[in-house]
Amino acid sequence: MASMITGFWKTVTFYCKNHPEQPMELKQGAYSAYYGCSHEFDENNPCHNRLNLIDAEKALQKIMDNLTGANLMGDMPDLTNYKLSKNGVEYKVIKHDTFSDSISIMVDNQKIMMGQAKEL
């Protein structure tokens, strides 16, 4: 199961809702790693949308549960447009390639955007 989860992480790309043209980047914060918007340090208009690894793992577990449950029933659903919300973060699968099993997920962290999250 662990190798399945590891392999699953490699197929997922997160995108910022505010700047979907480039994937979010894995960065090291003061206390932990996180996925941050590629525009985080723009001089004119910085974007603070980010996703910590704990929230990312919870979202991916929910998506994986949907895939494995459907797979047990002999089905492979296309999760494109699937939405979920957990811990103040909204996710939307913007592309699910069932052939390669790659998944692109749009992230909208309401906690960060509203200024309620702690610094990482």
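Calculation rules
Residues numbered from 1 in each chain as written. Predicted model: local features only at pLDDT ≥ 70, side-chain atom pairs only at ≥ 80, totals over all residues. Heavy atoms only, no water. Salt bridge = Lys/Arg side-chain N within 4 Å of Asp/Glu carboxyl O. Buried < 20%, exposed > 50% of the residue type's maximum accessible area, 1.4 Å probe, protein only. Helix = DSSP H or I, 4+ residues; strand = E, 2+ residues; numbered from the N terminus. Core = buried A, V, L, I, M, F, W, Y, C linked by side-chain atoms within 4.5 Å. Contact = heavy atoms within 4.5 Å.

Caption draft 1: Summary view of the pattern of salt bridges. All told, the structure shown has five salt bridges when counted by the stated rule. Between Glu25 and Lys27 there is a salt bridge whose closest N-O contact spans 3.8 Å. Relative accessible area serves as the criterion here: at 38%, Glu25 is assigned to the partly exposed category. Looking at Lys27, the relative accessible area reads 14%, which means it is buried. The residue Arg50 makes a salt bridge to Glu40 at a minimum N-O spacing of 2.8 Å. Taken together, the positions of Arg50 in strand 4 (residues 50–52) and Glu40 in the loop between strand 3 (33–36) and strand 4 put the pair 10 residues apart, joining distant regions of the chain. One connected set of salt bridges, linked through shared partners, spans Glu25, Lys27, Glu40 and Arg50.

Caption draft 2: Structural detail: unusual backbone geometry. With a phi close to 80°, Asn81 is a non-glycine residue in the positive phi region. Secondary-structure assignment places Asn81 in the loop between helix 2 (53–72) and strand 5 (83–86). The backbone phi angle of Asn87 is positive, close to 55°, even though this residue is not glycine. Topologically, Asn87 is positioned in the loop between strand 5 and strand 6 (89–97).

Caption draft 3: Representation of the nonpolar core. One finds Phe8, Phe14, Leu51, Ile63, Tyr91, Ile103 and Ile105 to be the most contacted residues of the largest nonpolar core, which totals 23 residues. Mapped onto this core, the elements with two or more residues apiece are strand 1 (12–16), helix 2, strand 6 and strand 7 (102–109). Here the element with the most residues in this core is helix 2; it accounts for six residues. Ignoring sequence-local partners within four residues, the contact set of Phe8 consists of Leu60, Ile63, Met64, Leu67 and Ile103.

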